[in-house]
Structure formats: structure tokens, C-alpha cells
Amino acid sequence: MKFKALISALALAGLSFAAHATEFRSADTHNADDYPTVVAVKHMSEVLEKMSGGKHKIKVFNKAALGQEKETIDQVKIGALDFTRVNVGPMNGICPLTQVPTMPFLFSSVSHMRKSLDGAAGEEILKSCEAFGFVGLAFYDSGARSIYAKKAIKTVADAKGLKIRVQQSDLWVALVSAMGANATPMPYGEVYTGLKTGLIDAAENNIPSFDTAKHVEAVKVYSRTEHSMAPEMLVMSKIVWDKLPKADQDMIRAAAKESVAFQRKKWDEQEAKSLANVKAAGAEIVEVDKKSFQAVMGPVYDKFMTTPDMKRLVKTIQDTK
């Protein structure tokens, strides 16, 4: 009820805004028009348009039409683009506190992740990006990442010596190396061929990626390590933001928050659909001994969680019930 009251108040406030309409532009790299983050920002546009009495909306350019994630981040920073949806990973080198939700085994479950990112810790991480030219508006779900290979990876010992594809990131290399595996950085588009040819033994990603990228055709065993629940982020250019009246800013924040619940619903539906798809394709879903993996992650935290603020946020999230 409080949220509905806020929308009503903001809609009334919108009557006094400038007469000209604003069509903000937002980028996304996902190809599917119905991908959860793509439809979430489109939903945000609908909410914003309603709040503003038709004065403001957002046009989503997905399929990397405006560039890959790094390129869209650069455009947002200089104010050439209004919004971009990116994985939290590319923001790690720009806004240091975004490293916190990327840490391995930080979240004990999806509900724990959502509660933590909806709370004070998540708000602090989003807020911290303003100093670097970005207004953090929302965290979106990106699922739990697990290892898939031709064999089951039930304990950390099973990962030893395997060539596991990782994102091109120091953190991901350190994470997989801590398991005793050989981290193999590789662009996402090359993973299918790498698995097929044996160039790599395994990869790690969420169930929808295992499904939609057809990696299930190459390897059939998906071991639920769930070692990372690193989220996606929606950020806005601070240059653009600072030119807006406070009432506009409040509407954008409210519409972004509304889009989070919408995205999570779509994500849960996508995950269930993809799980059914990979099982139908012959995949074996294996439960693992997570504690054996968690036990070797100390050096990763020591290397990357280096400031008092980072360490405090890690503890705040771990203590969230």
C-alpha cells in the first residue's frame, strides 16, 4: 500500500514537470527480447511513463546494439547514454564495493541474496558508485553459478586439475584456482566449442546459460556448487541524473525498485523453464558438498576484501537472516 501511495503522489507531482517528453536510452547485451533484464527495464519504462503522466519513458536497446558492457559503461559515465544494465563484474574495477556481492559463497541461498541486496548493504553498494559517475538504481538476479563438466564435481577434490573456463577477471581466476583447478579465461562465445573439442574440461554458469547457449549439448553433468550469486546492475549516468529535478529522480528510483520484483519473477520462470529443458536434454543435476569448497576460499577473501568497508559489508551480509 505504501508503494502504491508513493506512485500516486509521484504521478500527481509529475503534472508540474516540463512539458516536453523525455525518452531515455538504456543498453543491454542480452540477445533475447524476452530476457528477464530486458523486459524488466521495459517494465520500468511503463511504470515511469504512468507516474509521469506520459512525460518520461525508456527505450531499451538490447542485443549489444549500443556496444558490449564495457563500452556502454564508458558511454554512461560521460553522459552519452542514460542507463545500462551490466553484470556486476565489469563494475568491480570502477566502483570497488561492487566486488562484495561477487565474492564466492557469500550468499547462502537466493532468498538470503535478495534480502541482503534489498537491505542496507545493497543500498550502500549502489550509493557508492555515485563517486565514480554512476547512480546505482537496482540489482537484478543473475542466478547461481555452478560447474558443469563431463563428470560430477561433488567435492573440491573433484575439481583439482580441471581446466575450467572463467570470465576474464582476476577474481574469477582466483576463485577457480583456489579449488585447485586450472582457471582458463575465455570469451563466453567460445565456451561451446571449447567444451566440444576438449580445450576446456568444464565451465561455470547459471542454468539458463547452460541451456540457452547449448552447453548442455557438450557436457551433461551440472554440479550445483552455487559458488557465486553475483547480480546484475542497472546504473544511470550521474551527469544525466544531476540535470533532473528531484521529483524526476524520485520517480526513476521508484520505477527501478518496482522493476526488481518484476525481473525476479521473470528470472524464476526462466530458471524453471531452463532446468526442465536441460533435464529433457539428458543433463544430470548433482548436489555437492559445499562446505569443502567454502573451506578453501579464505585466500580469495584475503586478496580482494582489502578495506574496512568491504570487510564490514561482508559481515553485514553474512549476518543477515
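To be clear, the structure that these remarks concern was listed above.
Residues numbered from 1 in each chain as written. Predicted model: local features only at pLDDT ≥ 70, side-chain atom pairs only at ≥ 80, totals over all residues. Heavy atoms only, no water.

Draft legend 1. Summary view of unusual backbone geometry. Positive phi, close to 60°, is recorded for Lys-63, a residue that is not glycine. One can find Lys-63 in the loop between β2 (56–61) and α3 (69–77). Not every positive phi belongs to a glycine, and Lys-214 is a case in point at roughly 65°. Position of Lys-214 among the secondary structure elements: in the loop between α9 (207–212) and β9 (221–228). (Helix = DSSP H or I, 4+ residues; strand = E, 2+ residues; numbered from the N terminus.)

Draft legend 2. Local environment of the sheet that holds strand β4 (residues 134–140). Spatially, β2-β1-β3-β10-β4 is the arrangement adopted by the five strands of the open sheet, whose pairing is mixed. The open sheet has two edge strands with one neighbour each: β2 and β4. Taking the axes of each pair of neighbouring strands and ignoring which way they run, one obtains an average angle of 25° across the sheet. Across the face of the sheet, helix α5 (residues 120–128) comes into contact with β4 and β10 (232–237) while running at roughly 145° to β4. (Pairing = 2+ DSSP bridges. Axes fitted to C-alpha atoms, helices over the stretch in contact; angles between N-to-C directions. Contact = heavy atoms within 4.5 Å.)

Draft legend 3. Just the side chain of His-215, in detail. Along the chain, His-215 falls in the loop between α9 and β9. Residue classification places His-215 among the buried positions, given a relative accessible area of 1%. Setting aside residues no more than four positions away along its own chain, His-215 makes contact with Tyr-148, Tyr-188, Val-191, Tyr-192, Leu-195, Ser-209 and Phe-210. (Buried < 20%, exposed > 50% of the residue type's maximum accessible area, 1.4 Å probe, protein only.)

Draft legend 4. Region of the structure containing the state of the cysteines. The tally for this structure, following the rule as stated, stands at one disulfide. The disulfide partner of Cys-95 is Cys-129, and the S-S distance across this bridge is 2.5 Å. Classification of the bridge connecting Cys-95 and Cys-129 rests on its S-S torsion, roughly -95°, and on that basis the disulfide is left-handed. Of this pair, Cys-95 sits in the loop between β3 (83–87) and α4 (110–118) while Cys-129 is found in the loop between α5 and β4, placing the two residues 34 residues apart along the sequence. Of the two residues, Cys-95 and Cys-129, neither departs from the other in class, the shared state being buried. (Disulfide = S-S within 2.5 Å.)

Draft legend 5. Highlighting the nonpolar core. Ranked by internal contacts, the top residues of the largest apolar core, which has 55 residues, are Met-91, Val-100, Met-103, Leu-106, Met-179, Met-233 and Met-305. Counting residues per element, this core draws most heavily on helix α7 (residues 170–178), at five residues. Those residues in contact with Met-179 that lie beyond four places of it in its chain are Ile-147, Val-156, Ala-159, Lys-160, His-227, Phe-293, Val-296 and Met-297. One finds Val-38, Met-44, Ile-58 and Val-60 within the second-largest nonpolar core, a separate group that totals 28 residues. (Core = buried A, V, L, I, M, F, W, Y, C linked by side-chain atoms within 4.5 Å.)

Draft legend 6. Looking closely at the packing of helix α2 (residues 36–51) against helix α11 (residues 246–280). Closest axis-to-axis distance for the α2/α11 pair is 8 Å, and the angle between their directions is 145°. Crossing geometry of α2 relative to α11 is assigned as right-handed. Of the residues in α11, those in contact with Pro-36, Thr-37, Val-39, Ala-40, His-43, Met-44, Val-47, Leu-48 and Met-51 of α2 are Met-251, Ile-252, Ala-254, Ala-255, Ala-256, Glu-258, Ser-259, Phe-262, Gln-263, Lys-266, Trp-267 and Gln-270. Among the residues making up the contact of α2 with α11, the classes are represented as 14 nonpolar, five polar and two charged. (Left-handed = near helix turned anticlockwise from the far one by under 90°. Nonpolar A, V, L, I, M, F, W, Y, C, P; charged D, E, K, R; others polar.)

Draft legend 7. Up close: the packing of α5 against helix α14 (residues 308–319). The N-to-C vectors of α5 and α14 enclose an angle of 150°; their axes lie 9 Å apart at closest approach. Here α14 runs roughly antiparallel to α5, going by the angle between their axes. Contacts between α5 and α14 pair Ala-121, Glu-124 and Ile-125 from the former with Arg-312, Leu-313, Thr-316 and Ile-317 from the latter. Partitioned by chemical class, the residues of the contact of α5 with α14 number four nonpolar, one polar and two charged. (Parallel < 35°, antiparallel > 145°, perpendicular 65-115°, else oblique.)

Draft legend 8. View of the packing of aromatic side chains. Applying the stated criterion across every chain, the model contains five aromatic pairs. Where Tyr-35 meets Trp-267, the ring centres are 6.3 Å apart and the plane angle is 70°; that geometry is what we call edge-to-face. On the criterion of sequence distance, the pair formed by Tyr-35 in the loop between β1 (22–27) and α2 and Trp-267 in helix α11 is long-range, its members being 232 residues apart. Neither Tyr-35 nor Trp-267 differs from the other in exposure class; each is buried. (Phe/Tyr/Trp six-rings, centres within 6.5 Å; stacked < 30°, edge-to-face > 60°.)

Draft legend 9. Highlighting α3. Along α3, the positions that sit buried rather than exposed are Glu-69, Thr-72, Ile-73 and Val-76. On an axial view of α3, the arc spanned by its buried residues comes to 105°, and they lie on one face. Its buried side turned inward, α3 meets β1, β3, β4 and β10. (Arc of directions from axis to C-beta.)

Draft legend 10. Spatial organisation of the pairing of β2. On β2, burial follows the alternation: His-56, Ile-58 and Val-60 on one face are buried, whereas Lys-57, Lys-59 and Phe-61 on the facing-out side are not. For β1 and β2, the ladder comprises six bridges, and the chain directions are parallel. Its bridge partner being in β2, Thr-22 is matched across the sheet by His-56. Note that the unit made of β1, α2 and β2 has a crossover that is right-handed. (Right-handed = clockwise from strand over helix to strand, strands pointing away.)

Draft legend 11. Structural detail: the pattern of salt bridges. One pass over the full model with this rule turns up 22 salt bridges. A salt bridge links Glu-123 to Lys-257, with the shortest nitrogen-to-oxygen separation between them at 2.8 Å. Residue Glu-123 is located in helix α5, and its partner Lys-257 is located in helix α11; the two are separated by 134 residues in the primary sequence. Take Glu-123: its relative accessible area is 33%, and that puts it in the partly exposed class. We classify Lys-257 as partly exposed; its relative accessible area is 45%. Between Arg-224 and Glu-287 there is a salt bridge; the shortest N-O distance is 3.3 Å. Of the two residues, Arg-224 sits in strand β9 while Glu-287 sits in strand β11 (residues 284–287), which places them 63 residues apart along the sequence. Residue Arg-224 is classed as partly exposed on the basis of its relative accessible area of 22%. The structure contains a network of salt bridges with shared partners spanning Arg-114, Asp-118, Asp-141, Arg-264 and Asp-268. (Salt bridge = Lys/Arg side-chain N within 4 Å of Asp/Glu carboxyl O.)

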